[in-house]
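Take a look at the letters that make up each chain.
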Amino acid sequence: MTRKLAILLLAFGLGASPALAQQAIDDPTSSVPQTWQMLDYLAADYAGAVNHGEVVSASEYAEMREFARHARERVLALPVSPATPALRQQADQLVSLIDAKAPEADVARQAHALTDTLLQAYPIPTAPTKTPDLTRGASLYQAQCAACHGATGHGDGPAGLQLSPRPIDFTEVSRADQRSPLSLYEVITQGVAGTPMVSYAQALSSDDRWSLAYYVGTLAYPVTATRGEQAWRDDARARGAIASPSELARARAAGLADTLGVAQAHLIIGYLRAHPGAVHEALAGIPLARARLADSLEAHRNGKSEEARQLALSAYLDGVEPVEAQLDTRNASLRARIETAMGAYRTTLSQSPNDDAVTKQAHEVDGLLGQAQTVLSETAASPMTTFIGAFTILVREGLEALLVVVALLAFLRKADRHDATRYVHWGWTLALLAGAITWAAASYAISISGASRELTEGLSSLFAAAVLLGVGLWMHQKSIGGRWQSYLKAKMATALNRRSAWFVFGLTFISVYREVFETILFYTALWNEGQGVWLLAGLAAGAVMLGVIAWVLLRTSQRLPLGLFFSVSSLVIAVLAIVLTGKGVAALQEAGWTAVTVAPAPSIDLLGIYPTWQSLLAQLAVALMLAFGFAVNRWRARSA
């Protein structure tokens with residue numbers, strides 16, 4: 001029996017023990033690791049059958065054709081999933097390529113694409129639970145492998161010279177380019193039927209097998225640490241492609257060569273396999289988020305629920321939050337979907353014991369993060385993008401604060417209390433000053449964490465919403481039945497003395513500062529993209545736009561009859577209370593203080609509407625309170 005047919009039997013469970021056969025019947029997905037290993041071997045061994053479109057070994061080629069057909073049958077025998085059509089298409093294409101004697105690179109690429117889709121549809125652990133120990137791996141290699149594979153991995157060990165087939169030469173670059181640490185780990189774990197390569201699943205722990213796999217994976221790439229580290233840290237494309245331990249475990253030099261070039265791919269693969277911890281050390285932004293997400297899923301699988309939840313929270317706060325501004329200017333819809341999906345994943349971690357549900361949601365989040373990574377890496381910050389982003393952010397964030405300030409100023413002027421307007425002006429002026437101090441602190445003194453940012457936004461939003469809820473009900477009450485006239489005559493003489501004046505100042509300060517705080521941090525992120533002049537131009541244009549809006553609103557409010565002014569102002573403030581409630585709950589969700597349950601609703605940031613039941617129900621509660629309060633005001637007016 002040839003080696004490849006033996007692997008085929010192993011992969012399909014033919015000739016295996018009755019227990020393994022029964023397991024495959026009870027759980028059809030249990031064959032995924034073996035099927036993956038079979039396809040991985042096909043990608044590496046096809047070159048021994050076909051070379052530049054010519055069959056170099058008829059027996060090998062016949063086995064490759066049979067191999068691909070059995071792989072297709074086994075893949076399609078798996079339970080139906082959303083990925084089934086893609087799996088069918090990719091398996092058919094693999095068979096067609098081999099039938100057509102396609103180039104080795106094309107077959108390898110297609111086989112690996114099929115394995116990637118297979119793992120996404122039917123996830124299995126694909127990364128070590130802790131960083132592999134290469135020193136331990138080297139020691140294990142000399143003790144367990146050198147006798148056959150040779151002390152340096154050339155397949156020339158004293159025992160190996162007597163074997164048939166001969167042991168694999170781990171230093172053969174063309175073959176090593178098609179292998180990943182995961183490939184080597186699966187061979188060490190399961191062995192190769194029909195050959196002297198036996199399973200080490202019982203002899204070595206999982207951690208030892210991973211350490212051995214990573215060490216073996218370095219033998220074809222002798223890389224100095226200095227050159228490798230420099231290449232890894234200087235190449236953003238490589239850091240984007242290998243953003244987590246799982247991606248490093250599946251990374252192949254052949255897969256990176258198209259993007260990085262062969263020499264650079266060898267350099268980086270060799271360095272990372274020898275120093276797997278470097279993946280975490282160099283991560284930031286979306287790659288960091290993906291790494292923390294993978295760590296979170298692994299912690300969940302190991303029963304570490306609290307650690308999994310904290311890692312999931314860190315994935316958003318430390319990974320996504322710092323690049324939110326850049327992503328928002330390029331694809332705001334994607335940014336909103338990521339926020340919602342990551343919140344839902346954290347909630348599932350806390351509430352659902354179903355591993356499949358958690359795994360499915362984690363892969364959904366990782367897919368969205370992958371899209372974000374592509375968007376941020378392929379779409380460089382152009383001057384116009386920076387200008388529009390700066391302009392939009394200021395107008396969007398400043399409009400809410402502007403409406404509060406204008407409403408207060410208009411009210412005081414209508415009441416002929418021009419002396420009290422200074423409290424409003426002091427409020428927004430000091431809020432801007434506090435924002436400038438925040439910017440200086442964030443840029444030069446301290447690092448404001450994502451959690452602190454979200455908590456500040458969330459709590460200040462809810463505080464402002466609560467205050468505006470009361471103000472809106474009060475103004476509506478005064479707009480009915482001429483009550484504003486008696487109010488102005490009886491109360492305005494003392495209404496803004498003492499505590500009321502400070503209340504006006506406090507409401508103005510909080511309303512403006514929460515927007516300035518978020519806007520400053522957005523601008524800090526955009527400033528780092530190197531388009532400072534265009535950012536300042538966008539900021540200036542946004543400030544002019546807000547000034548025009550403020551002038552129009554103040555002029556319009558002066559012309560309104562006092563009763564109508566109270567009515568319109570009460571409605572505007574009521575809407576602002578609802579908007580700020582939604583934004584406050586959303587910010588607390590992002591900080592991990594509140595659960596996230598996805599709702600079938602659109603995401604409209606300007607209105608504070610987000611697709612989660614918690615934020616929508618909070619807004620509904622505020623809207624019902626306002627409706628009830630307005631109804632009571634009207635009933636009392638009619639009774640009077």
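Thresholds applied
- Residues numbered from 1 in each chain as written.
- Predicted model: local features only at pLDDT ≥ 70, side-chain atom pairs only at ≥ 80, totals over all residues.
- Heavy atoms only, no water.
- Helix = DSSP H or I, 4+ residues; strand = E, 2+ residues; numbered from the N terminus.
- Buried < 20%, exposed > 50% of the residue type's maximum accessible area, 1.4 Å probe, protein only.
- Areas by Shrake-Rupley, 256 points an atom, 1.4 Å probe, with all protein chains shown as cover.
- Core = buried A, V, L, I, M, F, W, Y, C linked by side-chain atoms within 4.5 Å.
- Contact = heavy atoms within 4.5 Å.
- Phe/Tyr/Trp six-rings, centres within 6.5 Å; stacked < 30°, edge-to-face > 60°.
- Expected span 1.5 Å × (residues − 1).
- Arc of directions from axis to C-beta.
- Polar contact = N/O pair within 3.5 Å; in protein donor to acceptor, adjacent residues only side chain to side chain.
- Salt bridge = Lys/Arg side-chain N within 4 Å of Asp/Glu carboxyl O.
- Axes fitted to C-alpha atoms, helices over the stretch in contact; angles between N-to-C directions.
- Parallel < 35°, antiparallel > 145°, perpendicular 65-115°, else oblique.
- Nonpolar A, V, L, I, M, F, W, Y, C, P; charged D, E, K, R; others polar.

Visitor: Whenever I open this one, the overall build of the chain confuses me. Can you help?
Guide: A count of helical and extended segments in the chain gives 30 helices and two strands. In the chain, which comprises 640 residues, the proportion classed as buried is 51%. Carbon and sulfur atoms make up 60% of the accessible area of the chain, which amounts to about 28500 Å² in all.

Visitor: What should I look at first to understand the nonpolar core in this one?
Guide: Note that soluble globular proteins tend to have their nonpolar side chains buried in a common cluster. Membership of the largest hydrophobic core comes to 72 residues, with the highest contact counts inside it found for Leu42, Ile98, Tyr141, Ile242 and Leu272. Apart from residues no more than four positions distant in its own chain, leucine 42 is found in contact with Met64, Phe67, Ala68, Leu94, Ile98, Val107 and Ala111.

Visitor: How do you make sense of the packing of aromatic side chains when you look at a structure like this?
Guide: The geometry of an aromatic ring pair is captured by the separation of the ring centres together with the interplanar angle, meaning the angle of the planes. Enumeration according to the criterion identifies three aromatic pairs in this entry. An angle of 50° between the planes, with centres 6.2 Å apart, marks the rings of tryptophan 210 and tyrosine 214 as tilted. In this pair, tryptophan 210 and tyrosine 214 are both assigned in helix H11 (residues 206–216), four residues apart and thus about one turn of the helix distant. Across the pair, tyrosine 214 and tryptophan 210 agree in class, each one buried. Through pairs of rings, three or more aromatic residues link up here, namely Tyr185, Trp210 and Tyr214.

Visitor: For this particular structure, what's the right way to read helix H21 (residues 332–351)?
Guide: Residues that lie three or four places apart on an α-helix share one face, since the helix turns once every 3.6 residues. Helix length check: H21 (20 residues) gives 29 Å between terminal C-alpha atoms against 28 Å at 1.5 Å per residue, within 8%. Extensive coverage of H21 is indicated by the burial of 15 of its 20 residues.

Visitor: What is the right way to look at helix H5 (residues 84–99) in this model?
Guide: Along its 16 residues, H5 runs 23 Å from first to last C-alpha, staying within 8% of the 22 Å computed at 1.5 Å per residue. Of all the residues in H5, the buried ones are Thr84, Leu87, Gln90, Ala91, Leu94, Val95, Leu97 and Ile98. The arc enclosing the buried residues of H5, seen along the axis, measures out at 160°, which places them on a common side. In H5, the exposed residues that point more than 90 degrees away from the buried face are Pro85 and Gln89.

Visitor: Is there a simple way to think about the side chain of aspartate 40 in this case?
Guide: For aspartate 40, the location among the structural elements is in helix H3 (residues 32–45). At 3.2 Å, the side chain of aspartate 40 and the side chain of arginine 179 are in polar contact. Here the side chain of aspartate 40 touches serine 183 through a polar contact of 2.7 Å, side chain to side chain. The contacts of aspartate 40, once residues within four sequence positions are left out, are His112, Thr115, Gln178, Arg179 and Ser183.

Visitor: Can you walk me through the pattern of salt bridges in this structure?
Guide: In a structure, side chains of opposite charge can pair up when their charged atoms sit close to one another. Applying the stated criterion to the full structure yields ten salt bridges. One salt bridge in this structure joins arginine 69 and aspartate 99, with 2.8 Å as the shortest N-O distance. With arginine 69 in helix H4 (residues 58–76) and aspartate 99 in helix H5, the pair connects residues that are 30 residues apart, well separated along the chain. With relative accessibility at 25%, the residue arginine 69 sits in the partly exposed group.

Visitor: Sorry, what's going on with the environment of glycine 157 here?
Guide: Take glycine 157: it is sitting in the loop between helix H8 (146–149) and helix H9 (173–176). With ten residues separating them in the primary sequence, glycine 157 and alanine 147 have C-alpha atoms 4.8 Å apart. Excluding anything up to four places from it in sequence, glycine 157 contacts Ala146, Ala147, Cys148, His149 and Gly150.

Visitor: Could you clarify how one ought to interpret the packing of H4 against H5 in this entry?
Guide: Axis angle and axis distance: for two packed helices, these are the angle between their axes and the distance between the axes, and together they describe the pair. H5 packs onto H4 with a crossing angle of 170° between their chain directions and a minimal axis gap of 9 Å. As far as their axial angle goes, H5 and H4 are roughly antiparallel. Contacts between H4 and H5 involve Tyr61, Met64, Arg65, Ala68, Arg69, Arg72, Val75 and Leu76 on the former and, on the latter, Leu87, Arg88, Ala91, Asp92, Val95, Ile98 and Asp99. Residues belonging to the contact of H4 with H5 are distributed by class as follows: nine nonpolar, no polar and six charged.

Visitor: How should I be thinking about unusual backbone geometry in this particular structure?
Guide: In most cases, non-glycine residues show a negative phi, while peptide bonds are predominantly trans. A positive phi is found at histidine 52, a non-glycine position, where the angle reads about 55°. Take histidine 52: it is sitting in the loop between strand E1 (50–51) and strand E2 (54–55). Here the phi dihedral of lysine 101 falls at roughly 55°; this positive angle occurs in a residue that is not glycine. Summarising the element assignment, lysine 101 is placed in the loop between H5 and helix H6 (104–121). You can call lysine 101 partly exposed: its relative accessible area is 33%.

Visitor: Honestly, the side chain of serine 296 in this entry has me stumped. Any pointers?
Guide: Tracing the sequence through the fold places serine 296 in helix H18 (residues 285–301). Taking the relative accessible area as the measure of exposure, serine 296 reaches 0% and is therefore buried. Only 3.0 Å separates the side chain of serine 296 from the side chain of tyrosine 345, close enough to count as a polar contact. With residues near it in sequence (within four places) discarded, serine 296 still touches Ala308, Leu311, Ala312, Tyr345 and Leu349.

Visitor: Even after reading the chapter, I still don't get the environment of leucine 248, so can you show me in this structure?
Guide: Tracing the chain through its elements places leucine 248 in helix H14 (residues 245–250). Taking the C-alpha atoms as reference points, leucine 248 and proline 181, 67 residues apart in sequence, are found 7.9 Å from one another. When sequence neighbours within four positions are dropped, the list of residues in contact with leucine 248 reads Pro181, Tyr214, Ile242, Leu272, Pro276 and Val279.

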